[in-house]
Amino acid sequence: MSSSDVVLKAGQKLSSPQRYLRKAAFNLSRRMKLTLRVFVMLQISVGVICLYKTITLSSYTNDKNIVTGNKYDKKNRNIREFTQSRIGNTAPLNNIQPTRKPLPLCPKTPPGLLGKVKLDFSNYEMEQVEKNYKSLQNGGRFKPRSCIARHRVAIIIPYRNRKEHLIKLMNNLHSILQRQQLDYGIYVIEVAPMSDFNRALSLNIGFQEASREYDYQCFIFHDVDLLPENDRNMYTCPTDPRHMSVAVDRLKYKLPYATIFGGVVAMTKEHFLTVNGFSNKFFGWGGEDDDMYKRINYTHLNITRYKPKIARYRMLAHRKDSSVNTERFYLLRHTNDTWRTDGLNSLTYRHIKTDRHRLFTYVLVDIDPAHPAYYTDRLKIVDESIRKMREDFNKSKENDLSTESTGANSSLASKGVNSSRLVVARSEQNMRTLMPNQSINSTTGTLITDKPKHLGALHPIQQFMLSLKELLTDKKEEDINSISDKELASFVRVYVNNLRKAGFSINNELHFKKDTVIKTKSDTKPKLDKIVKYINANKKW
């Protein structure tokens, strides 16, 4: 292409579409620049206005604080204290909204107390009782609405097969606790029935489960069959461990003995941790409350009680649904040696479920009875039983010798009668005194009756002495101390099994008790009833 062609082409005018597009692009660019300038100016104006308001408000607040004595800060601090006391000091101050006036503390003496209350022993279903307490939260939780409760209390109830008693307790207890203006929760603890009932273990588990859910200050350990008769018997946190069930109707409203600490007791969290909780080894009925009394005594705590006219309870009629703890006396003798290692620090269990009902929180757990935490060294119990038996046997032997020295049995001694024979003769004499119309076979020591005798017709003490005499004869020994511990333990074991087959039970203190009365077809009562009365009157042999 020549240079003249290039000049001609460069000098040509643009076509009309090209001119239109070029003009439109220029106008759009000018509008965008104008819009951007307006936006920047608005941003600057808003920033200036906000800065001015901030400076003005800050100076106004400072002037107001100087004039009013910083009332706003005081109100804010009061709201913080109130909110933290309600939610356990978990909410930060920045998230608190001062929406309402802080509630006051509840009075030390609740104004709605009635004193002696009328108990309701009617049989209701659980749903009927729940309708009467609509103010409760699920899990048996309650807080007063008009004030802040002074005490956060957990009521722990050990439970097994007592639904009727539990309903009656819930129907009467909730109204009393609400009148006392408590922040409380009720926990019903059941250990799966694969072992004997263990009240103390259930209470330890209840303490652990309740402590995980809420910051309770104290704990009330409450039997399911005791209903309070006076709402001035306060379920509050005690300064010292408190025995609450002082006067029970079944015990003629009198304290059975001075060292009792069972039924209903109250302890703070610090107290319960100090004594290491209850013992975990009291399977069956009895002993755990006396063990707790010893723990309190060993840790130098004091037990307090209300007056009997206030600390009154009604006991619901029931049958004991657990066997008697035959190891309780051995465990009680060794409380001082075991309380530091047997309790909360040795507690082990498997949580199965937690159900939150309207009236209470139900917790079901399971344990392994063979776990070392629950195992009792039964060999030591046998050793102590043997030692006790030897002491009692030698003591009776010394008594026979002393009687012989006074001349009462001098004629028998001159004829060479053995002292063990004297003990058997004494048992025969007691049997004759008990049943003067019956004769006793001098060789076998059994009652001679016209009708065949039933099991248990032989006196347990007499049977024991005859069996022991036979053992000495077989071993050709005259002194019981010459028999080895193993042979003597085997003898005691066989003897106890024979007693159980006959309907008797024996504990490690060698106390006898008739478990069941053997019924006969005759209309007259069996002679065993008289023997049982004799055993109850002479508990120690």
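Residues numbered from 1 in each chain as written. Predicted model: local features only at pLDDT ≥ 70, side-chain atom pairs only at ≥ 80, totals over all residues. Heavy atoms only, no water.

1. Considering the packing of aromatic side chains
Definition in use: Aromatic pairs are defined between Phe, Tyr and Trp rings, using the six-membered ring for Trp, whenever the two ring centres lie within 6.5 Å; interplanar angles under 30 degrees are classed as stacked, those over 60 as edge-to-face, and all others as tilted. The rule is short: NZ of Lys or CZ of Arg within 6 Å of the ring centre and within 35 degrees of the ring normal puts a charge over the ring.
One pass over the structure, following the stated rule, counts 10 aromatic pairs. What links up through ring pairs into an aromatic cluster is the set Tyr-187, Phe-207, Tyr-214, Tyr-216, Phe-219, Phe-221, Phe-272 and Phe-278. The positively charged end of Arg-141 is found above the aromatic ring belonging to Tyr-214, 4.3 Å away from the centroid. Residue placement shows Arg-312 over the ring face of Tyr-253; its charged tip is 3.8 Å from the ring centre.

2. Considerations on the state of the cysteines
Where we set the bar: Two cysteine sulfur atoms make up a disulfide if the distance between them is within 2.5 Å. Going along the chain from the N terminus, every DSSP run of H or I of four or more residues is numbered as a helix, and every run of E of two or more is numbered as a strand.
Taken as a whole and judged by the stated rule, the model has 2 disulfides. Cys-106 shares a disulfide with Cys-147; S-S distance 1.9 Å. Measuring the twist about the S-S bond at about 85°, one finds the Cys-106-Cys-147 disulfide to be right-handed. Here Cys-106 is found in the loop between helix H3 (71-87) and helix H4 (126-131), whereas its partner Cys-147 is found in the loop between strand E1 (141-142) and strand E2 (152-158), with 41 residues between them in sequence. At a sulfur-sulfur separation of 2.1 Å, the disulfide partner of Cys-218 is Cys-237. Judged by the sign of its S-S torsion, about -75°, the bond between Cys-218 and Cys-237 is left-handed.

3. A closer look at helix H5 (residues 163-179)
How we decide: The span expected for a helix works out to 1.5 Å for each residue beyond the first. Two axes define the bend at a residue: one fitted to the seven residues ending there, one fitted to the seven starting there, and the bend is the angle between them. Classification of residues uses two cut-offs on accessible area relative to the type maximum, computed with a 1.4 Å probe and protein chains only: under 20% is buried, over 50% is exposed, and between them is partly exposed.
Under the 1.5 Å per step criterion, the end-to-end length of H5 is 25 Å for 17 residues, consistent within 8% with the ideal 24 Å. The largest bend along H5 measures about 25° and falls at Leu-173. Where burial is concerned, most of H5 is hidden: 13 out of the 17 residues are buried. Phi for Gln-181, located one or two positions after H5, is positive at around 55°.

4. Re the sheet that holds strand E5 (residues 226-228)
Through backbone hydrogen bonds, the strands of a sheet pair up, either in parallel or in antiparallel fashion. Filter applied, for reference: Two strands are said to pair when DSSP picks up at least two bridges between them.
Reading across the sheet, the 3 strands line up as E5-E10-E7 and stay open at both edges, with mixed pairing between neighbours. The open sheet has two edge strands with one neighbour each: E5 and strand E7 (247-248). In this structure, E7 lies alongside strand E10 (residues 312-315), joined through 2 bridges in parallel fashion. Paired with Val-248 across the strands is Tyr-313, a residue of E10.

5. Overview of helix H6 (residues 199-213)
Short version of the rule: Polar contact criterion, stated in full: a pair of N or O atoms within 3.5 Å, where within protein one must be able to donate a hydrogen and the other to accept it, and residues adjacent in sequence count only if both atoms are side-chain atoms.
Its 15 residues place the ends of H6 22 Å apart at the C-alpha level, agreeing with the 21 Å of an ideal helix rising 1.5 Å per residue. Where burial is concerned, most of H6 is hidden: 11 out of the 15 residues are buried. Within H6, the full set of buried residues consists of Arg-199, Ala-200, Leu-201, Ser-202, Leu-203, Asn-204, Ile-205, Gly-206, Phe-207, Glu-209 and Ala-210. By the N-cap criterion, in which a side-chain oxygen at the helix start approaches the backbone nitrogen of a residue two or three places on, H6 is capped by Asn-198, the distance to Ala-200 being 3.4 Å.

6. Side note on the nonpolar core
Proteins that are soluble and globular tend to have nonpolar side chains buried together. For the record, the criterion: In this description, a nonpolar core means a group of buried Ala, Val, Leu, Ile, Met, Phe, Trp, Tyr and Cys residues linked to one another through side-chain atoms lying within 4.5 Å. It only takes one pair of heavy atoms within 4.5 Å for two residues to be counted as in contact.
Counting residues in each nonpolar core, the largest one holds 39 residues, and the members touching the most others are Ile-155, Tyr-184, Ile-186, Tyr-235 and Phe-360. Those elements that provide at least two residues to this core are H4, E2, H5, strand E3 (183-191), strand E4 (218-222), E5, strand E8 (264-268) and strand E12 (361-366). The greatest single-element share of this core, amounting to 7 residues, is contributed by H5. If we skip the residues at most four places from it in the chain, Phe-360 touches Met-126, Gly-139, Gly-140, Leu-166, Met-170, Ile-186, Val-188 and Asp-355.

7. Some remarks on the pairing of E10
The sheet contact formed by E5 and E10 spans 3 bridges and is antiparallel. Each residue of the ladder has a partner; that of Leu-227, found in E10, is Arg-314.

8. What to know about the layout of surface pockets
As a reminder of what qualifies: A pocket, in this scheme, is an open set of points on a 1 Å grid over the protein atoms alone with protein on both sides within 12 Å along at least 5 of 7 lines, while a cavity is a set where a 1.4 Å probe fits but cannot get out; residues line either one if an atom lies within 4 Å of a point. Grid points are joined across faces, edges and corners, and a volume is the space filled by probe spheres set on the points.
Taken as a whole, the largest pocket spans an internal volume of roughly 1000 Å³. Taken together, 35 residues make up the lining of the largest pocket; nearest its centre are Asp-223, Trp-285, Glu-288, Asp-289 and Met-315. Of all the secondary-structure elements, those providing two or more residues to the lining of the largest pocket are helix H8 (288-298) and helix H9 (328-333).

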